[in-house]
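Spelled out from the first residue to the last, the chains are:
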Amino acid sequence: MPHKRYRLAPPMENKNVSTRLPPIVVIYRPNDKVKQISSPHWWFVLPCLLLIILCTASDPILMNDLIIRRYEHYYGLSGSIDTHRTACQEQTMIPMFYWDWEYSYFDFQRPYPDYSHVQRDAARFNVRNSIATLVSSVFTFILLGSNSDLIGRRPLLVFPFIGKIIRYALMLMIVSQNLSNNWIIITHVLEGIFGSGGLIVLSSFAYITDCTNQSRTRSFFIAEIVIVIARIIPVVGISLWLRYYFYIAPLSVNLALSVIGLFYTLFIQPESVEIV
């Protein structure tokens, strides 16, 4: 079959005629199914935010009390409250005119344990622990935070819960088996590799931004109220608990909350970035 030849028309020189390309019009047939993409509700992220704040709010008090008691036991100060008071009195410089008649010079010369060693070693441990956590988590923050528009918001919600589960499971072993303090630093390093609770807070506000338009201020205000309430309850509860009990129960509760948060983000939490 012979091929047909066509002669190209010369370019148009009339400047009054628009040479812009016409818009592309997509015509669907009646039987075609069109996929409608809509943003999920912004409040889907509130359970993740609530669970991670409940876990992280009690951590500073819990870990500080654990480290203090460990060093008190190491220096022989794990006795009654009178023992702690006596050790603190030994570290306090009392002027001569404040001495009561029941105290004598020889009472203050008795060999009490030095409580300043506990404070010094606890402070050194907290510095090492903070540096290890910061170094291990900063790369995760940069890597996941800068690419959240490409990989979506859900990975930023999932990874911190995995780190929390690993940390609390190891902490239960450390407390029950009385392992060394170096294992506590290792647990914080592992948690930092997966991203800490701040990564979920960052992703939660990004999620609210994706899903809201006109009601964004109200949504941010509700999220802030959730954060404030979730911080107060664990702090008050753990402060009262540690006066009479120890660490297995609060660590188990935090582990259970982390497992619930992981299952929620995997099976219920929708994605807010449409390109994922």
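Residues numbered from 1 in each chain as written. Predicted model: local features only at pLDDT ≥ 70, side-chain atom pairs only at ≥ 80, totals over all residues. Heavy atoms only, no water.

### Quick look at the environment of Leu144
Here is step 1 of the chain: Summarising the element assignment, Leu144 is placed in helix α4 (residues 116-146).
Here is step 2 of the chain: With 11 residues separating them in the primary sequence, Leu144 and Pro155 have C-alpha atoms 8.0 Å apart.
Here is step 3 of the chain: With residues up to four places along the chain from it excluded, the contact list for Leu144 reads Ile151, Leu156, Phe159 and Leu199. (Helix = DSSP H or I, 4+ residues; strand = E, 2+ residues; numbered from the N terminus. Contact = heavy atoms within 4.5 Å.)

### Digging into the packing of aromatic side chains
Here is step 1 of the chain: One pass over the structure, following the stated rule, counts six aromatic pairs.
Here is step 2 of the chain: Ring geometry for Trp43 versus Phe44: centroids 4.7 Å apart, planes at 25 degrees, classification stacked.
Here is step 3 of the chain: A relative accessible area of 42% places Trp43 in the partly exposed class.
Here is step 4 of the chain: Between the aromatic rings of Trp241 and Tyr245, the centroid separation amounts to 4.5 Å while the plane-to-plane angle is 35 degrees, which identifies the pairing as tilted. (Phe/Tyr/Trp six-rings, centres within 6.5 Å; stacked < 30°, edge-to-face > 60°. Buried < 20%, exposed > 50% of the residue type's maximum accessible area, 1.4 Å probe, protein only.)

### Some words on α4
An α-helix turns once every 3.6 residues. As a result, residues three or four positions apart point the same way.
Here is step 1 of the chain: For α4, spanning 31 residues, the distance from its first C-alpha to its last is 44 Å, which sits close to the expected 45 Å at 1.5 Å a residue.
Here is step 2 of the chain: Where α4 bends most, the angle comes to about 30 degrees, and this point is Ser137.
Here is step 3 of the chain: Those residues of α4 that sit buried are Val118, Asp121, Ala122, Phe125, Asn129, Ala132, Thr133, Ser136, Ser137, Thr140 and Leu144.
Here is step 4 of the chain: Residues of α4 that are buried in the fold lie against α2 (59-74), α5 (148-151), α6 (154-177), α7 (181-193) and α8 (197-211). (Expected span 1.5 Å × (residues − 1). Bend = angle between axes of the 7 residues up to and from the residue.)

### Re the pattern of salt bridges
Here is step 1 of the chain: All told, the structure shown has eight salt bridges when counted by the stated rule.
Here is step 2 of the chain: Across the salt bridge formed by Arg167 and Asp59, the nearest N and O atoms sit 2.8 Å from each other. With a gap of 108 residues between them, Arg167 in helix α6 and Asp59 in helix α2 connect regions that are remote in the sequence.
Here is step 3 of the chain: For Arg167, a relative accessible area of 2% gives the class buried.
Here is step 4 of the chain: Here Arg69 ties to Asp65 by a salt bridge, and the two come within 3.1 Å at their closest N and O atoms. With a gap of four residues between them, Arg69 and Asp65 both fall in helix α2, about one helical turn apart.
Here is step 5 of the chain: Here Arg69 falls in the partly exposed class, since its relative accessible area comes to 25%.
Here is step 6 of the chain: Overlapping salt bridges, with partners in common, bring together Asp59, Lys164, Arg167 and Glu191 in one network. (Salt bridge = Lys/Arg side-chain N within 4 Å of Asp/Glu carboxyl O.)

### A few points about the nonpolar core
It is characteristic of soluble globular proteins that their nonpolar side chains tend to be buried jointly.
Here is step 1 of the chain: Leu66, Phe161, Met171, Ile184, Tyr247 and Leu251 are the most contacted members of the largest nonpolar core, which totals 47 residues.
Here is step 2 of the chain: For this core, the elements supplying multiple residues, two or more each, are α1 (46-57), α2, α4, α6, α7, α8, α9 (216-241) and α10 (248-267).
Here is step 3 of the chain: When residues in this core are grouped by element, the largest group, nine residues, is from α6. (Core = buried A, V, L, I, M, F, W, Y, C linked by side-chain atoms within 4.5 Å.)

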